[in-house]
Amino acid sequence: MRAVRYTRTGPAREVLEQVDLPVPEPGYREVRVRVHASGVNPADVKRRSGWGRITLDTPYLIPHDDGAGVVDAVGPGVAGVHKGDRVWVFDARLGRQTGTAAEYVCVPDIKVEPLPASVDFATGASLGIPGRTAHRCLFTDGPIDGATVLVAGAAGSVGHSAVQQARLSGARVIGTVGREENRKVALDAGCDHVIDYRSDRIADELLELTDGHGFDRIVEVDAAANIDTDSRVIATNGTIAVYATDSGHAPKLPLWRLMNKSVNLRNVLLYNLPHHEHRLAADDLNRWIAAGDLTPRIGRRFCLQNTAAAHEAVEAGTGAGNVVVDIAAPA
């Protein structure tokens with residue numbers, strides 16, 4: 001099979017290589033998926049680049065956690081998944097050295113979810129990390145019907161999904177963006193209002209939009225950059241759910257301001273997600289995509305041999321949505 005792998009961390013064009021590898025055989029309670037689309041997420045490019053001193057602890061790594069395709073073989077002990085099933089794949093690489101940047105991938109049977117015939121593979125490959133991250137940021141601390149939610153980076157892959165999920169669950173949603181062209185993206189996703197996060201009056205503008213009440217939930221893409229603003233606009237007993245802090249790993253926290261409002265500062269990292277919490281997220285995602293209510297924003301698409309360019313698009317922020325590597329033509 002064709003696959004893309006790397007044997008050392010570094011720049012995409014220097015370390016990613018297309019190779020021919022044997023087609024893997026599914027083991028006990030594993031399924032083999034013929035991959036049609038592979039989702040490229042920031043975590044994939046950070047790992048490949050060696051960001052944050054990440055090291056490669058296996059002889060090689062086929063990247064990408066997310067994907068979608070068709071089950072073409074099942075191993076012993078598998079129940080509920082059958083050859084021919086269309087599926088979306090999550091956490092393919094977690095604890096392994098083989099992700100979805102290949103024509104075939106074997107994963108435990110609990111790491112595939114049904115993909116309706118009405119949903120294309122690119123959409124399926126864009127659900128795992130963005131959709132589940134957004135879901136746990138929004139709902140881990142209870143329902144949000146009637147709540148007011150702030151989504152930082154509302155045009156990003158996680159933010160875009162969070163806006164849609166919050167609206168589907170009865171919340172009022174306000175988003176922030178950093179580029180004027182992303183304002184329409186955030187509004188089309190379901191934001192009631194969109195604010196430029198570079199505004200000198202951002203905290204005041206956000207509070208004015210809530211009549212001074214503040215936000216019941218904040219979905220935060222960069223805690224280091226935004227925690228001071230978040231602490232000013234979060235409502236009493238609200239939750240700030242952080243899924244990234246790329247501008248600084250040790251932000252200075254306005255702790256007394258947070259304590260004074262009894263704010264819950266929640267950190268969300270999917271790789272620590274218990275399966276029962278994945279189940280909560282996947283059940284909602286599956287229902288919404290089947291009904292056509294949740295529509296990931298598919299951005300730039302690349303062929304397998306151009307996986308390095310896909311990584312560069314994610315790193316540069318030029319993906320225009322969820323970046324997808326197309327591996328097999330739809331059957």
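Residues numbered from 1 in each chain as written. Predicted model: local features only at pLDDT ≥ 70, side-chain atom pairs only at ≥ 80, totals over all residues. Heavy atoms only, no water.

Colleague: What is the right way to read the overall build of the chain from this model?
Modeller: Across its full length, the chain carries eleven helices and 15 strands. Here the C-alpha atoms of the chain give a radius of gyration of 20 Å, agreeing with the 20 Å that 2.2 N^0.38 yields for 331 residues. Projecting the C-alpha coordinates of the chain onto the three principal axes gives extents of approximately 60 × 40 × 35 Å. Here the chain, with 331 residues, has 55% of them falling under the buried criterion. The long-range share in the chain, meaning contacts at least 24 apart out of those at least 6 apart in sequence, stands at 69%. (Helix = DSSP H or I, 4+ residues; strand = E, 2+ residues; numbered from the N terminus. Rg over C-alpha atoms; globule rule 2.2 N^0.38 Å. Buried < 20%, exposed > 50% of the residue type's maximum accessible area, 1.4 Å probe, protein only. Contact = heavy atoms within 4.5 Å.)

Colleague: Is there a simple way to think about the nonpolar core in this case?
Modeller: If you look at soluble globular proteins, the nonpolar side chains tend to sit buried side by side. Core analysis: the largest hydrophobic core is formed by 44 residues, its most contacted members being Trp88, Leu138, Ile144, Val151 and Val219. Every element with two or more residues in this core is listed here: β4 (66-74), α3 (121-124), α4 (128-139), β8 (148-151), α5 (157-168), β9 (172-177), α6 (181-189) and α10 (275-291). Sequence-distant contacts of isoleucine 144, that is, excluding residues within four places in its chain, are made with Leu138, Phe139, Val149, Ala166, Ser169, Gly170, Ala171 and Arg217. The next biggest cluster of nonpolar side chains, apart from the first, holds 38 residues, and it includes Val19, Val31, Val45 and Val87. (Core = buried A, V, L, I, M, F, W, Y, C linked by side-chain atoms within 4.5 Å.)

Colleague: Please explain empty space enclosed by the protein as it appears in this structure.
Modeller: A probe matching the size of a water molecule, rolled over the atoms, marks out where space remains unfilled. All chains considered together, the criterion is met by two cavities of 30 Å³ or more. Taken together, Ser126, Leu127, Pro130, Gly131, Ser157, His160, Ser161, Gln164, Leu294, Pro296 and Asn322 make up the full set of residues lining the largest cavity. Looking at the lining of the largest cavity, the elements with two or more residues in it are α4 and α5. The greatest single-element share of the lining of the largest cavity, amounting to four residues, is contributed by α5. Partitioning the lining of the largest cavity into residue classes produces four nonpolar, seven polar and no charged. Lining the second largest cavity, in full, are Gly39, Val40, Asn41, Asp66, Ala125, Ser126, Pro130, Asn322 and Val323. Among the elements of the structure, β3 (30-40) and β15 (322-326) are those that each provide at least two residues to the lining of the second largest cavity. (1 Å grid on protein atoms, 1.4 Å probe; cavity = no way out; pocket = protein on both sides within 12 Å on 5 of 7 lines; lining within 4 Å. Points joined across faces, edges and corners; volume = space filled by probe spheres on them. Nonpolar A, V, L, I, M, F, W, Y, C, P; charged D, E, K, R; others polar.)

Colleague: Any chance you could explain the sheet that holds strand β13 (residues 264-267) here in plain terms?
Modeller: Working definition: the strands of a sheet are paired by backbone hydrogen bonds and lie parallel or antiparallel to each other. Strand order in the open sheet formed by six strands is β10-β9-β8-β11-β12-β13, and the pairing between neighbours is parallel. Of all the strands in the sheet, the pair left with one neighbour each is β10 (193-196) and β13. Averaged over all pairs of adjacent strands, the angle between strand axes in this sheet comes to 20°, irrespective of strand direction. In terms of strand pairing, β9 meets β10 through four bridges, oriented parallel. Counted as the bridge partner of valine 177 is aspartate 196 from β10. (Pairing = 2+ DSSP bridges. Axes fitted to C-alpha atoms, helices over the stretch in contact; angles between N-to-C directions.)

Colleague: Mind showing me how you'd approach helix α8 (residues 223-233) here?
Modeller: One turn of an α-helix holds 3.6 residues; hence residues three or four places apart share an orientation. For α8, the complete set of buried residues consists of Ala223, Ile227, Thr229, Asp230, Ser231 and Val233. Tucked into the core, α8 has its buried residues touching β8, α7 (202-209), β11 (215-220), β12 (234-242), α9 (255-260) and β13.

Colleague: Help me understand the packing of aromatic side chains, please; the structure alone is not making it clear to me.
Modeller: Two descriptors summarise a pair of aromatic rings, namely the distance from one centre to the other and the angle between the planes of the rings. Inspection of every chain in the model, using the stated rule, returns one aromatic pair. Plain terms: the ring middles of tryptophan 88 and phenylalanine 90 are 6.1 Å apart, the flat faces sit at 55° to each other, and that makes the pair tilted. Judged on exposure class, the residue tryptophan 88 and its partner phenylalanine 90 are both buried. Lying across the ring of tryptophan 51, lysine 46 places its NZ or CZ 4.4 Å from the centre. (Phe/Tyr/Trp six-rings, centres within 6.5 Å; stacked < 30°, edge-to-face > 60°. Lys NZ or Arg CZ within 6 Å of the ring centre and 35° of its normal.)

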